[in-house]
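Chain residues, written in single-letter form:
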Amino acid sequence: MTNGEPIEGYLRAEEPPDDAVVVVRGGPIAADKIVAHASRQAREYTFRGSPMYSISVSLTVDGWDLPALLAGPLSSRSTYAVSTAGAVREAGFILLPTYDAPHYDLLLATGEYPEAERLLSLFSSAEPNSYKRRGR
Amino acid sequence: MGTQIEVDIPCDPTQIDHTGMPWTFLDEAAHPDRIVEGAIVITGDAEDPVFARVASLTERPSGTKVHLEILPGDPLEYVEAMRRSHLLIA
């Protein structure tokens, strides 16, 4: 039993290609942050009737390229790391297109530390975000 | 050794919902009484803090959900501007 809201009402009809770049936010890119953020999401949302452990990621879909992601949804983040949709899915993780593009929820089965470390092993090392917003 | 940074309320600025704004839960705030609509707060996390304005507080079955409007720039830029204008002496 969960009090969460079903995420199904917020899904887009979209299947990202395997070579789409998946960008995870930084500052820092660490397993404990993945666990904390996934736990928060699971408290509020469900997927297929169960708590939805997930983190927000941005993908190069719908006309978005990496610089646009770093200057847009990631503009407040000092660092970032990348993988591909194919690598993430090959490792068994689900990418759900939620809300408006380029936002996705990357689902974790347990939201626990070992799974978060396994997920992060699919990503590059952290890179500085040279597009970080420095004021208008 | 500097003082450890303590954000007012932690969030992932990229974790948005249908409003397009980042959100978090009120009970995660260091001092929940400071989190009121319109308040300027430090959010994100200690390693990458950002300024935000509290956009709304909404009662949900899972707790009080806080929506945040992330403000532009780095917090230190605000401090530098305040020092330049003598709004902050130190």
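A quick note: this is a predicted structure, and the numbers were derived from the prediction, not measured. (Residues numbered from 1 in each chain as written. Chains lettered and ligands numbered in written order. Predicted model: local features only at pLDDT ≥ 70, side-chain atom pairs only at ≥ 80, totals over all residues.)

Novice: Is there a simple way to explain the interface of chain B and chain A in this structure?
Specialist: A common way to express how large an interface is: the accessible area buried when the components associate. Counting from both sides, the interface comprises 24 residues of chain B and, opposite them, 25 residues of chain A. Listing elements by their share of the side of chain B that touches chain A, those giving two or more residues are strand 1 (23-25), strand 3 (50-60) and strand 4 (63-70) of chain B. In terms of residue class, the side of chain B that touches chain A is made up of seven nonpolar, eight polar and nine charged. (Contact = placed C-beta atoms within 7 Å. Helix = DSSP H or I, 4+ residues; strand = E, 2+ residues; numbered from the N terminus. Nonpolar A, V, L, I, M, F, W, Y, C, P; charged D, E, K, R; others polar.)

Novice: Explanation requested: the nonpolar core in the structure shown.
Specialist: Note on soluble globular proteins: their nonpolar side chains tend to be buried together. Counting 33 residues, the largest nonpolar core has Val22(A), Val57(A) and Leu106(A) as the members making the most contacts within it. Listing elements by their share of this core, those giving two or more residues are strand 2 (21-25), helix 1 (31-44), strand 3 (45-47), strand 5 (54-59), helix 2 (66-71), helix 3 (85-90), strand 8 (103-107) and helix 4 (113-120) of chain A. Looking at this core, the element that brings in the most residues is helix 1 of chain A, giving four residues. Ranked by size, the runner-up nonpolar core spans 13 residues in total, among them Val7(B), Trp23(B), Val54(B) and Val66(B). (Core = buried A, V, L, I, M, F, W, Y, C linked by C-beta atoms within 7 Å. Buried ≥ 20, exposed ≤ 12 C-beta atoms within 10 Å, placed from the backbone.)

Novice: For this particular structure, what's the right way to read the packing of helix 1 of chain A against helix 4 of chain A?
Specialist: Geometrically, a packed helix pair is captured by the angle between its two axes and the distance between the axes. All names here are of chain A. Running from amino to carboxyl end, helix 1 crosses helix 4 at an angle of 115°, the nearest separation of the two axes being 8 Å. Judged by the twist between their axes, the crossing of helix 1 over helix 4 is right-handed. Between helix 1 and helix 4, the contacting residues are Ala31, Ile34 and Val35 on the first element and Tyr113, Ala116, Glu117, Leu119 and Leu120 on the second. Counted by class, the contact of helix 1 with helix 4 contains seven nonpolar, no polar and one charged residues. (Axes fitted to C-alpha atoms, helices over the stretch in contact; angles between N-to-C directions. Left-handed = near helix turned anticlockwise from the far one by under 90°.)

Novice: Teacher, can you tell me more about unusual backbone geometry here?
Specialist: Comment: phi is negative for the bulk of residues other than glycine, and the bulk of peptide bonds are trans. Residue Pro102(A) follows Ala101(A) across a cis peptide bond; omega there is 10°. Within the secondary structure, Pro102(A) sits in the loop between strand 7 (94-97) and strand 8. Even without glycine at this site, His86(B) takes up a positive phi of about 65°. For His86(B), the position within the fold is in the segment after helix 1 (75-84). Overall, the presence of 7 C-beta atoms within 10 Å leaves His86(B) in the exposed class.

Novice: Looking at this structure, how should I read the pairing of strand 7 of chain A?
Specialist: Two faces make up the sheet, and in a regular strand the side chains alternate between them. All names here are of chain A. Here strand 7 shows a buried face lined by Leu95 and Pro97 and an unburied face lined by Ile94 and Leu96. Two elements, strand 7 and strand 8, share four bridges in a ladder whose sense is antiparallel. Directly across from Leu95, in strand 8, lies its bridge partner Leu106. Count of turn residues in the strand 7/strand 8 antiparallel hairpin: five residues, of which Tyr99 carries a positive phi of about 55°. (Pairing = 2+ DSSP bridges.)

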